[in-house]
Amino acid sequence: MIDDTRLLFAMMKHEFGQNTMSRQPNISEESFDSWIRGFAERAGSSGIDKSVFHSSLDRVAPNPSVVSADRNQPETVVAAGDYLRRAMPPDRIARGAEFGTVLGEELSGIERKYGVERWIILAIWGVESDFGTNTGDYPVVEALATLACDGRRRDLAERELLDALRILENREVRKDEMLGSWAGAMGHTQFMPSSFLAFAVDHDGDGRRDIWNPSNPLDALASTANYLAQSGWKQGSPWGIEVGLPDDFDFRLADLRITKPASAWREQGITAADPAVGARLRGQCKAAVFLPAGATGPAFLVSRNFTVLRKYNASGIYALAVGLFGDRIAGEGAIRAEWPADVRPLSMKDVTTLQEKLRDLGFDPGKIDGLAGPDTHAAVRSFQEKAGLAPDGHVSNVIFEHLG
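The structure presented is a predicted model; accordingly, all values stated were derived computationally and were not measured.

**Comments concerning the overall build of the chain**
The helix and strand tally for the chain stands at 18 helices and 7 strands. Computed over C-alpha atoms, the radius of gyration of the chain comes to 22 Å, within 12% of the 22 Å expected from 2.2 N^0.38 for 404 residues, which places it in the range of a compact globule. By the burial criterion, 54% of the 404 residues in the chain qualify as buried. A total accessible area of about 17,700 Å² is found for the chain, and carbon and sulfur atoms account for 48% of it. Taken as two groups, the 45 positive and 56 negative side-chain charges of the chain have centres that lie 3 Å from each other.

The structure is reproduced here in structure tokens:
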């Protein structure tokens with residue numbers, strides 16, 4: 001789930017992000033003890049019962065593999081096409097369709113109650129934990145304490161840890177059962193503690209909001225539907241469709257902040273890649289052009305529901321994966337365009353270098369932080385216009401090489 005809190009841990013799926021790194025940074029016992037003492041005061045001020053605090057944290061030690069994973073998130077340099085292939089291989093698509101049948105009655109009830117299509121719920125379940133087979137085995141309290149002590153994003157990690165302690169205080173789960181990813185995301189659909197408190201539901205009526213149960217995913221699936229519903233999901237509206245762009249398309253318009261009625265995009269020559277699904281984005285349905293691999297890759301018109309998926313996880317590639325995965329589970333075919341083999345994302349180090357180069361050339365990329373936010377994309381677009389390139393604003397090896 002991603003709000004501004006889970007943005008801290010965006011794109012941390014287990015199959016990419018839980019590998020033990022060759023270098024294991026260490027947190028000293030002295031620094032961890034010092035952080036514990038300070039955090040104990042902050043937890044007390046937040047209303048956490050002392051007995052809960054001590055029973056949860058007295059025997060916790062920092063986990064160096066958590067720090068390693070946080071500093072070495074390999075998904076940040078995986079190309080869009082590669083990420084999608086890894087997120088929804090054929091066998092996973094087949095299992096998603098099978099779960100759609102096996103859990104058909106239960107999913108119908110969730111659809112009726114929350115107004116979120118089953119295919120999207122199944123797709124999130126599949127992407128997040130491979131349908132419950134990889135929910136993570138890190139003790140959540142230990143992982144969040146390690147991240148908080150390491151200090152790179154202490155405030156966010158501490159807030160999540162406080163919420164984890166509240167979950168334990170409420171006796172929603174035992175500490176030994178509260179397992180998840182290195183980032184603290186938990187259960188079948190990887191809720192952060194704050195998301196659990198806000199959106200988890202007891203769907204099966206057993207008195208517990210149990211998103212961890214390996215043999216019963218219904219609370220987790222209903223909780224995911226509740227999250228999307230409360231985030232503005234509109235039932236019956238597509239997340240988006242693949243489209244073809246006209247030869248004279250103005251790539252300055254390929255910006256998720258620029259939305260127009262689908263009819264307006266059609267008037268500009270944008271057509272559905274598959275005419276059979278073109279009518280899904282009706283005339284007044286607001287949509288934006290999304291180019292996940294830049295001007296030479298596949299193009300999509302994405303709607304309000306795509307924005308809702310980005311509230312669950314802020315990455316546009318993640319939202320695209322869920323949308324396409326859901327379509328495939330529902331029986332639709334693969335996209336038609338090919339992913340460009342020569343377009344690759346940049347590491348944080350290279351994004352930092354890119355930002356510095358743009359700044360030195362007079363294009364303001366915003367904060368020099370290795371994160372390609374809106375200001376960096378705008379600076380890239382401005383450089384591309386001046387250099388006579390397609391101004392798609394895409395941050396990749398292509399623009400990096402043009403900058404020299």
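**With respect to helix 6 (residues 90–102)**
The first and last C-alpha atoms of helix 6 sit 18 Å apart over 13 residues, in line with the 18 Å expected at 1.5 Å per residue. Looking at helix 6, one finds that the buried residues are Arg92, Ile93, Gly96 and Gly100. Seen from one end, helix 6 has its buried residues packed into an arc of 105°, which puts them on one side. In this structure, helix 6 carries Pro90, Thr101 and Val102 as exposed residues pointing more than 90 degrees from its buried face.

**Quick look at the packing of aromatic side chains**
Aromatic ring pairs are described here by two measures, namely the spacing of the ring centres and the angle between the planes. Tallying each qualifying case throughout the model produces 18 aromatic pairs. Aromatic side chains Trp35 and Phe39 sit 5.0 Å apart centroid to centroid with 10° between the ring planes, which places their arrangement in the stacked category. Highlighted residues: Trp35 and Phe39, both in helix 2 (residues 29–45), separated by 4 residues, approximately one helical turn. Note on Trp35: relative accessible area 3%, which makes it buried. Classification of Phe39 as buried rests on a relative accessible area of 0%. An angle of 40° between the planes, with centres 6.3 Å apart, marks the rings of Trp239 and Phe300 as tilted. Of this pair, Trp239 sits in the loop between helix 12 (218–230) and strand 3 (240–244) while Phe300 is found in strand 7 (residues 299–302), placing the two residues 61 residues apart along the sequence.

**As for the side chain of Ser223**
Locating Ser223 in the fold gives a position in helix 12. Judged by its relative accessible area of 0%, Ser223 falls in the buried class. The contacts of Ser223, once residues within four sequence positions are left out, are Phe191, Phe199, Ala200, Val201 and Ile211.

**Some remarks on a positive patch on the surface**
Taken together, Lys234, Arg282, Arg304 and Lys311 make up a surface patch of like positive charges. By the element assignment, Arg282 lies in the loop between strand 5 (271–272) and strand 6 (286–290).

**Quick notes on the sheet that holds strand 7**
Spatially, the 5 strands line up as an open sheet ordered 4-6-7-3-5, and their pairing is antiparallel. The open sheet has two edge strands with one neighbour each: strand 4 (260–261) and strand 5. One ladder, built from 2 bridges, connects strand 3 with strand 5; its direction is antiparallel. Among the inter-strand pairings, Gly244 is bridged to a residue of strand 5, identified as Thr271.

**A few points about helix 12**
An ideal rise of 1.5 Å per residue puts 18 Å on 13 residues; helix 12 measures up with 18 Å between its terminal C-alpha atoms. The buried fraction of helix 12 amounts to 11 of the 13 residues, a majority that puts the element mostly inside the structure. Of all the positions in helix 12, only Leu218, Asp219, Ala220, Leu221, Ala222, Ser223, Thr224, Ala225, Asn226, Tyr227 and Leu228 are classed as buried. Buried residues belonging to helix 12 abut helix 7 (104–114), helix 8 (118–129), helix 11 (193–199) and helix 14 (304–312). Gly232 occupies a position one or two residues after helix 12 and carries a positive phi of about 110°.

What counts, and where the lines are drawn
- Along every chain, residues carry numbers that run from 1 in the direction the sequence is written.
- In view of the model being predicted, local features appear only for residues whose pLDDT reaches at least 70, and side-chain atom pairs are presented and counted only at 80 or more, with totals across whole chains, interfaces and linings using the full set of residues.
- Hydrogen atoms and water are omitted, and side-chain values are computed over all heavy atoms in the structure.
- Labels follow the DSSP assignment, with helices taken as runs of H or I lasting at least four residues and strands as runs of E lasting at least two, numbered in each case from the N terminus.
- Only C-alpha atoms enter the radius of gyration, while the globule expectation follows 2.2 Å times N to the 0.38, with N the number of residues.
- Between buried and exposed lies partly exposed: a residue is buried under 20% and exposed over 50% of the maximum accessible area for its type, with that area taken using a 1.4 Å probe on protein chains only.
- Under the convention used here, a 1.4 Å probe and the Shrake-Rupley method define accessible areas, while residue burial counts only the protein chains that appear.
- In this tally, Lys and Arg are treated as positive and Asp and Glu as negative; His is ignored, and so are the chain termini.
- Charge placement uses NZ in Lys and CZ in Arg. For Asp and Glu, CG and CD serve respectively.
- Each helix should span, by expectation, one fewer than its residue count multiplied by 1.5 Å.
- As used here, the arc is the angular range of directions from the helix axis to the C-beta atoms.
- Whether two aromatic rings pair depends on their centres lying within 6.5 Å, for rings of Phe, Tyr and Trp, where Trp uses its six-membered ring; planes under 30 degrees apart make the pair stacked, over 60 edge-to-face, and the rest tilted.
- Whether two residues are in contact is decided by their heavy atoms, any of which lying within 4.5 Å being enough.
- Residues enter patches when they are more than 30% accessible in relative terms and free of salt bridges; like-charged ones are connected within 9 Å and nonpolar ones (Val, Leu, Ile, Met, Phe, Trp, Tyr) within 5 Å.
- Salt bridges are counted wherever a side-chain nitrogen of Lys or Arg sits within 4 Å of a carboxyl oxygen of Asp or Glu.
- Think of it this way: DSSP has to see at least two bridges between two strands before they count as a pair.

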